[in-house]
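Structure assessment
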Amino acid sequence: MIDAIRSNLGPMMFGGLILFLLIGYPAAFSLAAVGLFFSFIAIEMGVITPSYMGNLTFQLYGIISNDLLLSIPFFTFMGAILERCGLAEDLLDSIGQLFGSVRGGLSYAVIFVGAILGAITGTVAASVIAMGVISLPVMMRYGYNMRHATGVIAASGTITQLIPPSLVLVVLADVMGKSVGDMYAGAIGPSIVQVVLFCIWVMILSIIKPGDVPALPPEARTLKGWALVRKCIRGIVPSAALIFLVLGTIFMGLATPTEAGAMGAVGAIGLAAMYRTLSWKLTYQAMSSTMRITAMVTMILIGSRVFSLVFQGVGGGLWIEHMLTGLPGGQVGFLTFTMIFIFFIAFFLDFFEIAFIIIPMLAPAAAKLDINLIWFALLICANIQTSFMHPPFGFALFYLRGIAPPTAKSRDIYLGSIPWIVLQLILVALMIAFPQMVTYWLEKPVTLDPAALEKQLGTMPSYGTIELQGLTPPKP
Amino acid sequence: MFKLWLALATVGCMAATVAIAWFFCRELMPLSRAIDKVGGVLGVVASWLVLLACVVSAGNATIRYLFSYSSNAWLELQWYMFAGIVLLGSAYTLKVNEHVRVDLFYGMVSDRARHWIDLLGGAVFLLPMCIVMVWFTWPWFVQSWTLNEASNNAGGLIRWPVILLLPVGFVLILLQGISEMIKRAAALRGFHQHEYAYEKPLQ
């Protein structure tokens with residue numbers, strides 16, 4: 001009996017995790033509590049020694065001194081400022097007019113603006129709200145199909161998840177123990193393919209169902225000639241400057257991703273001042289919401305580190321790894337299983353929970369199967385993006401619902417997102433079929449160097465990098 | 001045998017906390033308000049740290065690029081502030097109910113059931129977790145303080161302030177947890193209208 005419990009503490013802990021999380025108490029605290037509860041049992045049964053728990057202080061120190069996590073508040077803050085500053089409005093207005101004369105022109109405009117906003121910041125809310133407020137009424141007035149209009153706005157708002165600099169990629173880089181720069185470089189290919197896929201779909205629609213995506217009549221295009229050019233420049237130049245400030249400095253090696261985030265945030269404040277929307281109220285709101293999101297995310301991370309420390313100690317990590325590497329079909333079997341699993345788990349868990357709880361369990365198995373972890377992370381990222389567009393969490397749909405006029409029915413919004421979810425899944429399939437899409441942009445192709453792999457395996461169970469910096473733990 | 005007693009005592013303590021919150025919630029409301037006030041003030045401090053950290057980090061990068069000068073103290077200050085944002089802001093985040101939950105079940109039940117979940121969860125998950133965390137981190141702070149431990153990097157900062165933030169942060173969460181339990185019990189007994197409904201955090 002006791003032996004059976006002792007050797008099955010891992011699975012029991014996993015069961016306990018699911019049970020306690022389902023109760024609905026904040027995940028950060030139930031995670032830590034499950035971890036500590038099982039640590040007492042494990043110590044009692046002699047599976048781990050009490051001194052093993054002394055590692056907890058290292059883990060905590062590793063979290064608060066992690067330079068990468070520092071970019072979470074910076075990018076969030078930048079997004080929170082940009083959301084309210086009026087840049088998106090200018091962009092949409094000018095690009096919409098520019099493409100207006102083509103069929104589906106407004107849809108293309110929404111997709112491009114979504115991509116530009118995505119390259120500046122990483123928050124879905126900012127893009128969806130701006131595009132919903134400005135483009136949706138115009139699209140409705142000129143006879144766009146309602147489902148298509150809401151779908152394209154929601155989908156284009158979510159592409160910011162995959163386009164660097166995205167918060168999701170920062171978190172995934174940390175969880176996978178990879179550099180953010182590589183993660184961003186790898187994301188370039190899939191981001192482009194995604195935008196192209198969306199445009200192809202709009203083009204197909206404009207051929208088979210021209211009535212759904214009409215061109216704007218000439219009287220709707222108020223700006224012509226120089227006025228239009230000036231308006232476009234006014235929208236695009238500041239965006240390009242911000243994109244350079246953030247992405248350019250990272251890719252050129254001038255700044256770390258964290259510093260680039262900070263510069264972007266300062267740049268965003270400057271931009272808001274330029275648009276004359278900067279006020280103390282706006283700044284404080286942005287600061288406060290950033291602080292709450294940062295605290296929430298980091299507390300989940302702390303909770304999950306407590307959990308996983310004990311989970312590794314009782315051999316749970318090995319148990320999961322054996323199960324996953326034992327799947328039939330090797331790499332492809334593993335990827336298919338994990339992608340389907342993550343697609344469905346995203347109905348129940350939000351991104352940060354998936355990133356900190358689920359992915360650390362999958363990553364060691366992926367590494368063991370020789371799967372490039374950057375490729376794997378980007379697959380997960382593209383996959384999770386769909387969760388913004390389907391119930392129950394569908395944040396993008398939720399924001400859209402909040403600002404859409406009453407004539408846009410919830411039913412339309414939900415049904416309208418389906419083709420875009422399918423496009424997203426096509427992207428995931430393409431990425432699995434053509435890993436070059438990711439690896440082409442990485443500086444050195446990842447070769448299967450046994451020594452490097454060994455090193456990777458050695459570092460994986462510790463869930464990212466922990467800088468000890470000469471600290472000694474207190475004797476417990 | 002001793003271990004069994006310890007386990008029973010722990011469960012007894014949890015039950016006693018819930019019982020105290022339940023029976024004395026009206027008398028304890030001033031305490032809860034005082035805790036909320038402390039959490040609120042520190043929440044404002046943590047919010048300002050966001051802006052300060054941004055400015056410091058952007059300044060570090062700019063100065064390094066322009067003057068090829070870099071100071072470890074300023075680099076370390078960045079993440080000291082990050083620790084401040086998280087550990088001082090967590091209690092306030094708990095107060096405004098923005099710690100993310102798995103709301104598969106929680107989203108379906110009534111307000112009363114949610115109050116019960118928060119009241120019992122506070123006693124079973126939050127309080128023990130915070131106590132254990134303080135128990136782990138406090139001796140570490142004491143050690144760092146007595147050794148006057150400093151950063152290994154040249155010109156780096158002394159370590160104890162940031163290590164002190166850990167136990168302090170967990171004590172603050174512990175206090176806020178007690179305040180939340182009092183408010184939930186009061187709401188269940190009809191003395192208090194709970195104002196922060198849970199919403200999924202925005203991204």
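Here the structure is a predicted model, which is why all the values come from computation and not from measurement. Counting restarts for each chain, with residues numbered from 1 along the sequence as it is written. Chain letters and ligand numbers both follow the written order, the letters beginning at A and the numbers at 1. With the structure being a predicted model, the display of local features is reserved for residues of pLDDT at least 70 and the display and counting of side-chain atom pairs for 80 or more, all residues being used for whole-chain, interface and lining totals. Only hydrogens and water are set aside; all other atoms, that is, all heavy atoms of the structure, feed into the side-chain values.

Turning our attention to the interface of chain A and chain B. Contacts: residue pairs with any heavy atoms within 4.5 Å of one another. Taken together, the contacts link 74 residues of chain A with 66 residues of chain B. Buried area counts how much accessible surface, traced with a 1.4 Å probe, disappears from two parts once they are put together, with both parts' losses summed. Taken together, the two surfaces of chain A and chain B that pack against each other cover about 6,400 Å², and 74% of this comes from carbon and sulfur. For chain A, the biggest contributors to the area lost against chain B are Y25(A), I64(A) and M291(A); these three give 12% of the whole. The working definition used for a salt bridge is a side-chain nitrogen of Lys or Arg within 4 Å of a carboxyl oxygen of Asp or Glu. Taken together, the connections running from chain A to chain B amount to two salt bridges. The residue R292(A) makes a salt bridge to E98(B) at a minimum N-O spacing of 3.0 Å. N or O atoms closer than or at 3.5 Å make up a polar contact, with two conditions inside protein: a donor-capable atom paired with an acceptor-capable one, and, for residues adjacent in sequence, both atoms drawn from side chains. Where chain A meets chain B, there are six residue pairs in polar contact (both at pLDDT 80 or more). Strands here mean DSSP runs of E at least two residues long; helices mean DSSP runs of H or I at least four residues long; both are numbered from the N terminus. Looking at the side of chain A that touches chain B, the element that brings in the most residues is helix α14 (residues 280–313) of chain A, giving 16 residues.

A separate point is the pattern of salt bridges. Scanning the model with the defined rule gives 10 salt bridges over all chains in all. Close ionic contact of K368(A) with E321(A) constitutes a salt bridge, the shortest N to O distance being 3.0 Å. Taken together, the residues span a long stretch of sequence, with K368(A) in helix α17 (residues 351–368) and E321(A) in helix α15 (residues 316–325) at a distance of 47 residues. Throughout, exposure labels follow a simple rule: accessible area from a 1.4 Å probe, protein chains only, divided by the maximum for the residue type, with under 20% read as buried, over 50% as exposed, and the rest as partly exposed. With a relative accessible area of 45%, K368(A) lands in the partly exposed category. Through salt bridges with shared partners, a single network forms among D36(B), R101(B), D118(B), E180(B), K183(B) and R184(B).

With that out of the way, let us pick up the packing of aromatic side chains. The description of two aromatic rings rests on the distance between their centres and on the angle between their planes. Only Phe, Tyr and Trp rings take part, Trp by its six-membered ring, and two of them pair if their centres are within 6.5 Å. Stacked means planes under 30 degrees apart, edge-to-face means over 60, and tilted covers everything else. Inspection of the entire model under this criterion finds 22 aromatic pairs over all chains. Ring geometry for Y61(A) versus W140(B): centroids 5.8 Å apart, planes at 70°, classification edge-to-face. In this pair, Y61(A) sits in helix α4 (residues 55–64) while W140(B) sits in helix α5 (residues 111–147), so the two residues belong to two different chains. Its relative accessible area of 1% is what places W140(B) among the buried residues. Plain terms: the ring middles of F343(A) and F344(A) are 5.3 Å apart, the flat faces sit at 85° to each other, and that makes the pair edge-to-face. The buried category is assigned to F343(A), whose relative accessible area is 15%. Of the aromatic side chains, those joined through ring pairs into one cluster are F20(A), Y25(A), F29(A) and F125(B). Here, a charge over a ring means that NZ of Lys or CZ of Arg falls within 6 Å of the ring centre while also lying within 35 degrees of the ring normal. Geometry around F191(B) places R26(B) over its ring, the cationic atom sitting 4.1 Å from the centre. For R189(B), the ring lying beneath its charged end belongs to W22(B), and the centroid distance is 5.7 Å.

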